[in-house]
Amino acid sequence: MAKITLKNLSKVFEDGYKAVDNLSLEIADREFIVLVGPSGCGKSTTLRMIAGLESASSGEIYIGDRLVNDIQPKDRDIAMVFQSYALYPDKTVYKNIAFSLERRKTPKAEIEKRVQEAAKILHIEHLLNRKPKALSGGQRQRVALGRAIVRDPAVFLFDEPLSNLDAKLRTQMRTEISLLHRRLGTTFIYVTHDQTEAMTMGDRIAVMEAGVLRQCDTPENLYSYPKNIFVASFIGSPQMNFLSCVLKEEEGAFFACIGSDTLPTTRRTKAMSAFTGRQVTMGIRPEDIALTGDGTPLHGILKVQENLGSETYLYIDYGGATLTAKVSPMAPLTPGREITFFIRGDKVHFFDDDTGENISINS
């Protein structure tokens, strides 16, 4: 087992493109951490540097207490699961799983034991004699997982392993990978662009943007206490709503002035006092907009209503901005009609327009 330590890690490609910029991160032994962010944010490059498939331009990578920058991938005690499965089409499932052990000249009895154990964990014992072309996408991904498991590595690395699966299989495989982590008790580093995967699987999530680590925390803290507007907008589905407002303070109480509307908030931080009288960006989650409530009634025009069975999404034109409200299932409303709604003042966030930093949480 091993912890992973990244110290001031950077990667600059030959064309000058900086894919990873001074990233420092410590991943605990046996932790399941997810690197998440949009395409091009540097998450896969970071994973490939840990694996040794890309060299670091600067910084240090430790697996356990061992500096591995100059150590070959095969000697880093890691196993990697790719998006493309990378199975040998001419070999059986058994041979695919056993391949790395055979190359190491592992005794046949030990290979048999490890392959059968991995197949049992992944429920693919009945597939061992088949070729990859006879398998579904989900079955192929299990074979790729089995090939990693038999190596008994200190660290598992996953590079968007579920991207090629349909929605139903992705949900199923998310659960299976989480259960696999619990069963193996090994360090997992998982890369995805899908924030739903990140929120449901990781002990912690590292959110990256343009090569920079923006925040690393538990799913709950990322959702409730985003440190900046990028994390606030990336984490959560539907996305957080944003409105421009002027922050005012009267007798220790704060108000968000949005056009002619004044919304009280119970948020109070020292940083907010410094922004009194200034324009900031207010963020509010869709579930914190309601059709009934206390406080200031706001008025907008209903654009679209989406009934999803267990919940309803309302898209509301409010002063030229479109707000998404997530409410309980309800009867259809008429698009184009005026609608009254309420925003929970205790749940709003305020962001510095210049830096994007969240000024409404205590850092």
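Values in this document were obtained by computation on a predicted structure and should not be read as measured data.

Draft legend 1. Expanded view of the packing of aromatic side chains. Counted by the stated rule, this structure contains ten aromatic pairs. Their ring planes at 35° and their centres at 5.7 Å tell us that Phe158 and Tyr190 sit as a pair that is tilted. One end of the pair, Phe158, is in strand 7 (residues 155-159); the other, Tyr190, is in strand 8 (residues 187-192), with 32 residues separating them in the sequence. For the pair shown, Phe158 and Tyr190 are each scored as buried. Within the aromatic cluster, the residues linked to one another by ring pairs are Phe32, Phe156, Phe158, Phe188 and Tyr190. In this structure, Lys91 packs its charged tip against the face of Tyr88, placed 5.8 Å from the ring centre.

Draft legend 2. Representation of the layout of surface pockets in the model. Considered as a void within the structure, the largest pocket measures approximately 620 Å³ in volume. Elements with a minimum of two residues in the lining of the largest pocket: strand 6 (78-81), helix 2 (93-103) and helix 4 (137-149). What the second largest pocket holds in volume is close to 210 Å³. Taken together, 13 residues line the second largest pocket, and the ones lying closest to its centre are Arg114, Glu117, Ile149, Val150 and Asp152. Considering every element that reaches the lining of the second largest pocket, the biggest residue donor is helix 3 (residues 108-122), with six residues. Classifying every residue of the lining of the second largest pocket gives seven nonpolar, one polar and five charged.

Thresholds, definitions, all that
- Residues numbered from 1 in each chain as written.
- Predicted model: local features only at pLDDT ≥ 70, side-chain atom pairs only at ≥ 80, totals over all residues.
- Heavy atoms only, no water.
- Phe/Tyr/Trp six-rings, centres within 6.5 Å; stacked < 30°, edge-to-face > 60°.
- Helix = DSSP H or I, 4+ residues; strand = E, 2+ residues; numbered from the N terminus.
- Buried < 20%, exposed > 50% of the residue type's maximum accessible area, 1.4 Å probe, protein only.
- Lys NZ or Arg CZ within 6 Å of the ring centre and 35° of its normal.
- 1 Å grid on protein atoms, 1.4 Å probe; cavity = no way out; pocket = protein on both sides within 12 Å on 5 of 7 lines; lining within 4 Å.
- Points joined across faces, edges and corners; volume = space filled by probe spheres on them.
- Nonpolar A, V, L, I, M, F, W, Y, C, P; charged D, E, K, R; others polar.

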